[in-house]
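Below, each chain spelled out in residue letters.
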Amino acid sequence: MKLAWILIVLYTGPVGLFIYFLSCRQPLPGTHDQFIEAHWKQSVGSMMHCVAGDATGIILAAIVTFHLGLPNGLDLIIEYITAFVMGLLIFQALFMKSSMGGSYIQAIKKTFFSETVSMNMVMVGMIPVMAIMRGTIPGGDDPKGIMFWGISSVATMAGIITAYPINSWLVGSVLKHGMMSAVTDATKPMDMSKHKALNVSFAKKLGVAVLTLAILAIAVWITTWFVDLKVR
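Summarised in this report is the structure supplied together with it. Remember, predicted model here, so these are calculated numbers, not experimental data.

Description of the overall build of the chain
Counting its regular elements, the chain contains eight helices and zero strands. Helices (α) and strands (β) of the chain occur, in sequence order from the N terminus, as α-α-α-α-α-α-α-α. In the chain, buried positions account for 47% of the 232 residues. Pairs at least 24 apart in sequence give 71% of the contacts found in the chain among residues at least 6 apart. Surface accessibility of the chain: about 11,900 Å² in total, with carbon and sulfur atoms responsible for 70%.

Points about the nonpolar core
Formed by 53 residues in total, the largest nonpolar core has its most connected members in Trp5, Met48 and Met130. Elements represented by at least two residues in this core include exactly α1 (2–12), α2 (14–23), α4 (39–68), α5 (72–96), α6 (104–136), α7 (146–172) and α8 (202–223). In terms of residue count, the dominant contributor to this core is α6 (14 residues).

Some words on the packing of α4 against α7
Two numbers describe a pair of packed helices, the interaxial angle and the distance between the axes. With their axes 7 Å apart at the nearest point, α4 and α7 run at an angle of 140° to one another. The orientation of α4 relative to α7 falls into the category oblique. Of the two elements, α4 crosses α7, and the hand of that crossing is right-handed. Across the contact of α4 with α7, the residue classes break down as 15 nonpolar, 10 polar and no charged.

Quick notes on the pattern of salt bridges
Evaluation of the coordinates by the stated rule reveals three salt bridges. Put simply, arginine 134 and glutamate 79 hold a salt bridge, and the shortest N to O gap is 3.3 Å. One end of the pair, arginine 134, is in helix α6; the other, glutamate 79, is in helix α5, and 55 residues separate them in sequence. According to the relative accessible area criterion, glutamate 79 is buried, its value standing at 0%. In this structure, the salt-bridge partner of lysine 230 is aspartate 228, at a minimum N-O distance of 3.9 Å. On the basis of relative accessible area, lysine 230 is assigned to the partly exposed category, the value being 44%.

Considering the packing of α6 against α7
With their axes 7 Å apart at the nearest point, α6 and α7 run at an angle of 150° to one another. Classed by the angle they form, the pair α6 and α7 counts as roughly antiparallel. For the crossing formed where α6 meets α7, the hand is right-handed.

What counts as what
Residues numbered from 1 in each chain as written. Predicted model: local features only at pLDDT ≥ 70, side-chain atom pairs only at ≥ 80, totals over all residues. Heavy atoms only, no water. Helix = DSSP H or I, 4+ residues; strand = E, 2+ residues; numbered from the N terminus. Buried < 20%, exposed > 50% of the residue type's maximum accessible area, 1.4 Å probe, protein only. Contact = heavy atoms within 4.5 Å. Areas by Shrake-Rupley, 256 points an atom, 1.4 Å probe, with all protein chains shown as cover. Core = buried A, V, L, I, M, F, W, Y, C linked by side-chain atoms within 4.5 Å. Axes fitted to C-alpha atoms, helices over the stretch in contact; angles between N-to-C directions. Parallel < 35°, antiparallel > 145°, perpendicular 65-115°, else oblique. Left-handed = near helix turned anticlockwise from the far one by under 90°. Nonpolar A, V, L, I, M, F, W, Y, C, P; charged D, E, K, R; others polar. Salt bridge = Lys/Arg side-chain N within 4 Å of Asp/Glu carboxyl O.

Put into structure tokens, the structure is as follows:
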């Protein structure tokens, strides 16, 4: 979470810093667990953990695809895949494996659903902003220019907004961790007793996954009203 907050503040500046102080930074020492107990703060923690990994993957992929000269439709597909891989394999499975029995493969299995639906909703906000602004603002797709980073910042904030509802549901259903407790002893395993998943049926999970994909498809369709997306 510390790395996630550093990245979020790096990408969004004072907006991310404000959210950090509002939802995570306890006013007095020793009050962190009580301060983050509210559901909305737990949901913010869940969301920020996802957005940090996804946005990092998207920005790195955008830098590479720009230098490869790929069309704006194909680069969005590569950015989605890169963000998903980084979000799932690093920010979720790798960073959470110690709290999920120590098995990396098991951690991937346990976080696959939550990362998929959360990632879809992050992209609902980020794709239209990135594609439209980069396609209409001169220099918006060039990583060497300030406009690229400004657009990436706005896109990240859009992703934060659209990803909050699904993360609130995931945390409420105990399908995803929230803000977590402060760990003062580095040798002490994180207490996951409050994060035992409820019995959410496969059919319900499938329905939620399909719904997020449908919303993402609509977001991409709306984006095509403003810019021409090409895959070759």
